[in-house]
Amino acid sequence: MTGPGDLGAPPSDGPPAPSGPPSAAPPPPWTDLDAASARPLHPAARAALLAAYEQGYADPRRLHHGGRQARRLLDDAREVLAGSLGVRPDEVTFTGSGTEAVHRGLLGLARGRRRAGTVLAHSAVEHSAVLHATDWAVRDLGCSARPVAVDASGRLDLDALREALAPGDVAALALQSANHEVGTTQPVAAAAELAGLAGQVPLLVDACASVGWQPLPAGWGVAAASAHKWGGPAGVGVLLVRKGVRWRDPYPADDRSDLRASGFEDVPGAVAAAAALRAVVSEAEQTGARLHRLVDRVRREVAARVPDVDVVGDPDDRLPHLLTFSCLYVDGEALVTELDRAGFGVGSGSACTASTHEPSHVLAAMGALTHGNVRLSLHPGTPEHEVERFLDVLPGVVARLRAEVGM
Amino acid sequence: MTELDCRGLPCPAPVLALAKAARGRPDGTELAVVADDPAARVDVPAWCRMRGHRFLGEDRAADGVARYRVALGA
Ligand SMILES: Cc1ncc(COP(=O)(O)O)c(C=O)c1O
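Residues numbered from 1 in each chain as written. Chains lettered and ligands numbered in written order. Predicted model: local features only at pLDDT ≥ 70, side-chain atom pairs only at ≥ 80, totals over all residues. Heavy atoms only, no water.

## Details of the overall build of chain B
Okay, step 1: Scanning chain B from N- to C-terminus turns up 2 helices and 4 strands.
Okay, step 2: Along chain B, helices and strands appear, N-terminal first, in the series β-α-β-α-β-β.
Okay, step 3: By the compact-globule yardstick of 11 Å for 74 residues, chain B fits well, its C-alpha radius of gyration being 11 Å.
Okay, step 4: Principal-axis analysis of the C-alpha atoms gives chain B an extent of 30 × 20 × 20 Å.
Okay, step 5: Residue burial in chain B is summarised as follows: out of 74 residues, 53% are buried.
Okay, step 6: Here the contacts in chain B between residues at least 6 apart in sequence split such that 58% fall between residues at least 24 apart.
Okay, step 7: Surface exposure of chain B reaches about 3,400 Å², of which carbon and sulfur atoms provide 49%. (Helix = DSSP H or I, 4+ residues; strand = E, 2+ residues; numbered from the N terminus. Rg over C-alpha atoms; globule rule 2.2 N^0.38 Å. Buried < 20%, exposed > 50% of the residue type's maximum accessible area, 1.4 Å probe, protein only. Contact = heavy atoms within 4.5 Å. Areas by Shrake-Rupley, 256 points an atom, 1.4 Å probe, with all protein chains shown as cover.)

So this is what it looks like as structure tokens:
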């Protein structure tokens, strides 16, 4: 820990030592460089969560003391979250995950806009939550899907978007705020303007990768976010539905305090998510600027120290904490395993690391090398010396894996 | 044209086979790799871009499996 920016630092000093003879060698240090998958609970969220488990367990719809207390906590959480996101409290719905927020958001637009069109357009690099919801709408709601191309940096091609909107049959456009695999920021405001001109087509903005790091981009009609990406608890998502947007609940109704949600409210989860977001947003600018510079350096160093490497994504207009590169001739799973052994947790979009055994559709849409892929994403508290150690270790690991296959 | 058979082999085998076959061969040599691994469709053109070769295109082998053709050197 080296400063106030380290609140919410992930473990970077190894798992607890296994019980064994006292002479056993200590485990190697292990540093989590996979913040884009999940961040540890922010200290502010932990305190709020524990307090809310005591005071907010009751049914927020009940009129008794406990119910009113839970309801007050939930309403406060909604208000704090809305404030941190710059939206109205009545636009905020808590869901069971970012994935659920995406599903409800997109399918609700498909339902609400049925008369205007049946085509769901989306960038070719959306998260699988968008692609699965779209598939479902194609199968069960009679919709059709229209993917829109991106350029080599992973950014939506606005000319291709113009073409996709031209027939006038689009119900909704799904466009992420920033890409979760390569970090590239999407032109949401420009896309929203084109969509507005093409018959008020609303945008579903999947902001799961950026909330906590960057402000919500202008132009969303419906938006989705995920608390475990900003230091809130896992299993808490946020759906935003802008006042006036035609959105209809795609799922069976429930009589909860928020009619866009279903199931008994997770009041402690909402309270903790809001506390974490308020804390990280207050630090985001400073933390983001520092990590942006660090990632700049890592991008340059990886390209300089590792031969035959494809460093992908926009170098500047991107998430501050994330970078992706692919190494020729290397198997992605072996790379992740070897880096783990060397003490680093990283993500990968390579086919051999995915449950589907398909290469990452994001890298494929960009024309980037899909094998030997590594995604590094830093936590606010990632020690710089661990990033240095990663840069020192990486070239040898890649060279060794290449030598094993005769390269 | 030399044709490499990578049927049934996962990534990065098709690109590895190309790289090994390219050793010692002069610029302009044409190589083809037959591969059913879906990553090859992206990775063979990416290999060409990164190594300064030319991607000539995709067609099919006699049995219908995808075949990717490249020319060494720009
Ligand atoms: C861009 C994006 N959308 C959606 C999700 C899904 O969020 P959750 O993990 O909360 O279901 C994620 C996280 O993996 C993401 O990065």
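## Observations regarding the site of the ligand
All names here are of chain A.
Okay, step 1: Taken together, Ser97, Gly98, Thr99, His127, His180, Asp206, Cys208, Ser226, His228 and Lys229 make up the full set of residues near the ligand.
Okay, step 2: Take Thr99: an N or O atom from its side chain is 2.6 Å from an oxygen atom of the ligand.
Okay, step 3: Here an oxygen atom of the ligand sits 2.7 Å away from a polar atom, N or O, in the side chain of Ser226.
Okay, step 4: Against a free-state accessible area of 390 Å², the protein chains account for coverage of 86% of the ligand. (Near = heavy atom within 4 Å. Polar contact = N/O pair within 3.5 Å; in protein donor to acceptor, adjacent residues only side chain to side chain.)

## A look at unusual backbone geometry
Okay, step 1: In this structure, Pro12(B) follows Cys11(B) across a cis peptide bond, with omega equal to 5°.
Okay, step 2: Within the fold, Pro12(B) resides in the loop between strand S1 (2–5) and helix H1 (13–22).
Okay, step 3: Of note, Tyr329(A) is a non-glycine position whose phi angle comes to about 75°, a positive value.
Okay, step 4: By the element assignment, Tyr329(A) lies in the loop between strand S10 (322–327) and helix H8 (332–341).
Okay, step 5: Taking the relative accessible area as the measure of exposure, Tyr329(A) reaches 5% and is therefore buried.

## Describing the domain arrangement of chain A
Residues and elements named next belong to chain A.
Okay, step 1: Taken domain by domain, chain A comprises domain 1 (7–15 + 27–41 + 283–404) and domain 2 (43–278).
Okay, step 2: Summed over both sides, the interface between domain 1 and domain 2 buries roughly 2,500 Å², with carbon and sulfur atoms accounting for 58% of that surface.
Okay, step 3: Summed over the three residues of domain 1 that lose the most area to domain 2, namely Arg39, Leu41 and Leu319, the buried surface amounts to 29% of that side.
Okay, step 4: Linking Arg155 and Asp317 is a salt bridge whose minimum nitrogen-to-oxygen distance equals 3.6 Å. (Domains from an automatic or database assignment. Buried area = accessible area lost by both parts, 1.4 Å probe. Salt bridge = Lys/Arg side-chain N within 4 Å of Asp/Glu carboxyl O.)

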